[in-house]
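Here are the chains, one letter per residue:
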2 protein chains.
Amino acid sequence: MEEMKGPKLAEIIYKPIGIIRSEYIDKEDTPIQSAFSPSEGEVEIFPEYAPGLKDIESFSHLILLYHFHRATGFDLIRKPFLDDVEHGIFATRHFNRPTPIGLSIVELQEVRGSVLKVRGLDVLDGTLLLDVKPYVREFDRREDSRSGWVDGKGVEGSIGITPRRLDEGGIRG
Amino acid sequence: MEEMKGPKLAEIIYKPIGIIRSEYIDKEDTPIQSAFSPSEGEVEIFPEYAPGLKDIESFSHLILLYHFHRATGFDLIRKPFLDDVEHGIFATRHFNRPTPIGLSIVELQEVRGSVLKVRGLDVLDGTLLLDVKPYVREFDRREDSRSGWVDGKGVEGSIGITPRRLDEGGIRG
C-alpha cells in the first residue's frame, strides 16, 4: 500500500469565491434538496470575481458548488434523510461526507452587480461558495436514469421536504 | 471592504478520495463534456473509503467532482471551446476557473471492489477525485431550462467533441 501515500496525502486548497445568503439558520429546517425548495435568497460573489458573471443571466439555472461548513465529520455508511435503510455515503447526498462539497441547482432570477438572486436554496445562511457553473441542458440532463433507493419514494416534484418534517412524518406519514 | 477579509482569506482544504483513470493524456484530445464522450475508464476509490460505495450500483449515473490538476490559473472572461465569443468564466464550464473543480455525469457500468467502471469520461488520466454523488433524477433534472449561449450550437447528443476537433473545424465547420 506504500505506493498510495503520494495521492492520499495530497491536499487541495481552495478559497471561497462568495457566500450564500439564505433564510435557513437551522439544519432541521433546511430543505434537503434544491428541487424541494421554494426558498429565495442571494448568492454574493466577492467583488474581485464579479467580471466572471458576464452573460450568466442568459442561463435559467445555475449549479452551485459550496462547502458544507457545518458538516461534522463523516460516516461511510448511514441512513439518508429520505430512507430508513443505511446506504454508503457515496450512494447518498448527505452533507457528512469525506469531502464536504455540496451541489445545488438553483433558478436564476436576477443579477444585480455581483449578487445573484436565486430560487431553490437548500443551504444554511453563510455557506461558503466554491464555484458557480451554468446548468446546461445539453450537458447535464440525462434521460432514462435509474436512481436507486430514491426511485419509489414518490418525492418527485415535492416541495418543502426538510429533516424536521420527515421526523414528524409529515412527508412519508 | 475590511469586513470581507474574514471569508475571503479563509482556505478550505480537501483531500482526494480517489483517482480517475482515463485514456486521455492530452487536453486537446479530451472530450469537452461527459455528454459528448463515449470513453470508458475507471474511478478508483482509495480503499479506506470503499465502504462508502455500498448500494451505489443501484444508480445508473454518477456525478463526479474532481480537481482540475492541470488547470493553469484563470481568466474571468474568456472564449469557451464551443463559442467564438467571450463570456464570463461562471457562464462557461472551462477548467481555468477560480476554483478549479470539475463536474462530470457518467454512466456507471460496473462496481468491482473499490473500482467503478464508468462510461462518459471527459477528464485527463490521473485526475484527483474529490467526491462521488449519485445522479438522482428526482433531484437533478430540470425541465424547461434555458442554456444561454450553448442553445443553438446544435451540440445536443453529439459525440466526440474535443478541443482539437473544434480547432480543425470538424464540428462547427
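Just so you know, these numbers come straight off a predicted model, no measurement behind them.

**Digging into the relation of the copies chain B and chain A**
Least-squares fitting of chain B to chain A yields an RMSD of 0.0 Å, with the superposition described by an axial translation of 0.0 Å and a rotation of 180°. Such values leave the two copies arranged in the relation of a two-fold axis. When each C-alpha of chain B is compared by its distance to the rotation axis, isoleucine 13 of chain B comes out closest, at 2.3 Å.

**Concerning the packing of aromatic side chains**
Tallied over the entire structure, the rule returns 11 aromatic pairs over all chains. Between phenylalanine 36 of chain A and phenylalanine 139 of chain B, the aromatic rings sit 5.7 Å apart at their centres with planes inclined by 90°, giving edge-to-face as the arrangement. Residue phenylalanine 36 of chain A is found in the loop between strand 2 (18–21) and strand 3 (40–45), and its partner phenylalanine 139 of chain B is found in helix 2 (residues 137–140); the two belong to separate chains. Residue classification places phenylalanine 36 of chain A among the buried positions, given a relative accessible area of 0%. The exposure class assigned to phenylalanine 139 of chain B is buried, which follows from its relative accessible area of 4%. For the pair phenylalanine 81 of chain A and phenylalanine 95 of chain A, a centre-to-centre distance of 6.0 Å together with 45° between the ring planes defines the contact as tilted. You can see phenylalanine 81 of chain A sitting in the loop between strand 5 (77–78) and strand 6 (87–88) and its partner phenylalanine 95 of chain A sitting in the loop between strand 6 and strand 7 (101–112), a full 14 residues away along the chain. Of the residues examined, phenylalanine 81 of chain A reaches a relative accessible area of 29% and is grouped as partly exposed. In this structure an aromatic cluster arises from ring pairing among Tyr66, Phe68, Phe81 and Phe95 of chain A.

**Let's talk about the interface of chain B and chain A**
In this assembly, 80 residues from chain B lie in contact with 80 residues from chain A. Both faces considered, chain B and chain A share a buried interface measuring about 8000 Å² in area, 61% of it formed by carbon and sulfur atoms. On the surface where chain B and chain A come into contact, there are 10 salt bridges. A salt bridge links aspartate 151 of chain B to arginine 137 of chain A, with the shortest nitrogen-to-oxygen separation between them at 3.3 Å. Where chain B touches chain A, the interface holds 46 residue pairs in polar contact (both at pLDDT 80 or more). Broken down by secondary-structure element, the contributors of at least two residues to the side of chain B that touches chain A are helix 1 (5–9), strand 1 (12–14), strand 4 (61–67), strand 6 (87–88), strand 7 (101–112), strand 9 (127–134) and helix 2 of chain B. A per-element tally of the side of chain B that touches chain A places strand 9 of chain B first, with six residues.

**A word on the pattern of salt bridges**
All chains considered together, the criterion is met by 32 salt bridges over all chains. A salt bridge links arginine 93 of chain A to aspartate 140 of chain B, with the shortest nitrogen-to-oxygen separation between them at 2.8 Å. Taken together, the residues arginine 93 of chain A in the loop between strand 6 and strand 7 and aspartate 140 of chain B in helix 2 connect one chain to another. For the pair formed by arginine 93 of chain A and aspartate 140 of chain B, the shared burial category is buried. Where glutamate 156 of chain A meets arginine 137 of chain B, a salt bridge forms, and the shortest distance between an N and an O atom there is 3.6 Å. Taken as a pair, glutamate 156 of chain A in the loop between helix 2 (137–140) and helix 3 (163–167) and arginine 137 of chain B in helix 2 lie in two separate chains rather than in one. One network of salt bridges, in which partners are shared, links Arg137 and Glu138 of chain A together with Asp151 and Glu156 of chain B.

**Topic: the environment of isoleucine 161 of chain A**
Following the sequence through the fold, isoleucine 161 of chain A ends up in the loop between helix 2 and helix 3. As a C-alpha pair, isoleucine 161 of chain A and proline 16 of chain A span 145 residues in sequence and 28 Å in three-dimensional space.

**Some points on the side chain of serine 145 of chain B**
Relative to the assigned elements, serine 145 of chain B resides in the loop between helix 2 and helix 3 (163–167). Taking the relative accessible area as the measure of exposure, serine 145 of chain B reaches 7% and is therefore buried. Once residues within four sequence positions are removed from consideration, serine 145 of chain B is found in contact with Ser60, His61, Tyr135 and Arg137 of chain A.

**A short note on the sheet that holds strand 7 of chain A**
Pairing between the strands of a sheet is mediated by backbone hydrogen bonds and can be parallel or antiparallel. The antiparallel closed barrel is built from six strands, whose spatial order is 2-3-8-7-4-9 (chain A). Across the sheet, the axes of successive neighbouring strands diverge by a mean angle of 45°, strand direction being ignored.

**Digging into unusual backbone geometry**
In this model, aspartate 55 of chain A sits at a positive phi of 75°, which is unusual for a non-glycine residue. By the element assignment, aspartate 55 of chain A lies in the loop between strand 3 and strand 4 (61–67).

Reading the values: the criteria
- Residues numbered from 1 in each chain as written.
- Chains lettered and ligands numbered in written order.
- Predicted model: local features only at pLDDT ≥ 70, side-chain atom pairs only at ≥ 80, totals over all residues.
- Heavy atoms only, no water.
- Least-squares fit on C-alpha atoms with pLDDT ≥ 70 in both.
- Phe/Tyr/Trp six-rings, centres within 6.5 Å; stacked < 30°, edge-to-face > 60°.
- Helix = DSSP H or I, 4+ residues; strand = E, 2+ residues; numbered from the N terminus.
- Buried < 20%, exposed > 50% of the residue type's maximum accessible area, 1.4 Å probe, protein only.
- Contact = heavy atoms within 4.5 Å.
- Buried area = accessible area lost by both parts, 1.4 Å probe.
- Salt bridge = Lys/Arg side-chain N within 4 Å of Asp/Glu carboxyl O.
- Polar contact = N/O pair within 3.5 Å; in protein donor to acceptor, adjacent residues only side chain to side chain.
- Pairing = 2+ DSSP bridges.
- Axes fitted to C-alpha atoms, helices over the stretch in contact; angles between N-to-C directions.

None of the figures reported here should be taken as evidence of function without further support.
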